[in-house]
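Structural overview for review
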Amino acid sequence: MIFNQKEWIDADDLHLLPATASSNGVALPPSNGVFYFPSGSTLEELEKAYILHTLKHYKASFTEVAQMLGISKKTLWEKRKRYNLDRELARS
């Protein structure tokens, strides 16, 4: 990814598993959603946007979303609180 010549990273730039499987055994639904993020933003902004995208896109429990993200349920809870994601989820 660090050698990408474009201003964004898309699915073709990543080595992703098929949409029906993941490395931790959590089944992922087929995805039509694409995550775009502008360059020049901070890592914290990227993390917040990606967690929010995952929570909105996948109709899954917080435990399943945490597994998809490769973090603990407690870490997901802490990030939801830090970034006020529950408020943003309620608006959508």
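Residues numbered from 1 in each chain as written. Predicted model: local features only at pLDDT ≥ 70, side-chain atom pairs only at ≥ 80, totals over all residues. Heavy atoms only, no water.

Examining unusual backbone geometry
Heads up, the rule is: Helical segments are the DSSP runs of H or I of at least four residues, strand segments are the runs of E of at least two, and each set is numbered from the N terminus.
Located in the positive-phi region is asparagine 84, a residue other than glycine, with phi close to 55 degrees. Along the polypeptide, asparagine 84 turns up in the loop between helix H3 (73-82) and helix H4 (85-91).

Digging into the side chain of lysine 79
For clarity, the cut-off: Pairs of N or O atoms are called polar contacts if they sit within 3.5 Å, as long as, within protein, a hydrogen donor faces a hydrogen acceptor (for residues adjacent in sequence, only side-chain-to-side-chain pairs).
Its place among the elements puts lysine 79 in helix H3. A polar side-chain atom of lysine 79 sits 2.7 Å from a polar atom in the side chain of glutamate 47.

So, the confidence of the model for the protein chain
Put simply, the test is: Confidence of the predictor at the level of single residues is given by pLDDT, which spans 0 to 100. Throughout, a residue-residue contact means that at least one pair of heavy atoms, one from each residue, lies within 4.5 Å.
Confidence in the prediction of the protein chain, expressed as mean pLDDT, is 77, and 67% of residues score 70 or more. Across residues 16-30 the pLDDT falls below 50, and counting only partners more than four positions away or on other chains, this stretch makes 20 contacts in the model.

Some remarks on the packing of helix H1 (residues 43-57) against helix H2 (residues 62-69)
This is how it is decided: A fitted line through C-alpha atoms represents every axis, and for helices the fit uses only the stretch in contact; the resulting angles, taken between N-to-C directions, go from 0 to 180 degrees. Note on terminology: angles under 35 degrees are roughly parallel, angles over 145 are roughly antiparallel, angles of 65 to 115 are roughly perpendicular, and the others are oblique. The sense of a crossing depends on the near helix, which, turned anticlockwise from the far helix by less than a right angle, makes the crossing left-handed and, turned clockwise, makes it right-handed. Amino acids outside the nonpolar list (Ala, Val, Leu, Ile, Met, Phe, Trp, Tyr, Cys, Pro) and the charged list (Asp, Glu, Lys, Arg) are all regarded as polar, and Gly is one of them.
Following both chains from N to C, one finds H1 and H2 inclined at 130 degrees, their axes separated by 10 Å at the closest point. As judged from the angle between their axes, H1 and H2 are oblique. Of the two possible hands of crossing, H1 and H2 adopt the one that is right-handed. Contacts between H1 and H2 involve Tyr50, Ile51, Thr54 and Leu55 from the former and Phe62, Val65 and Leu69 from the latter. Among the residues making up the contact of H1 with H2, the classes are represented as six nonpolar, one polar and no charged.

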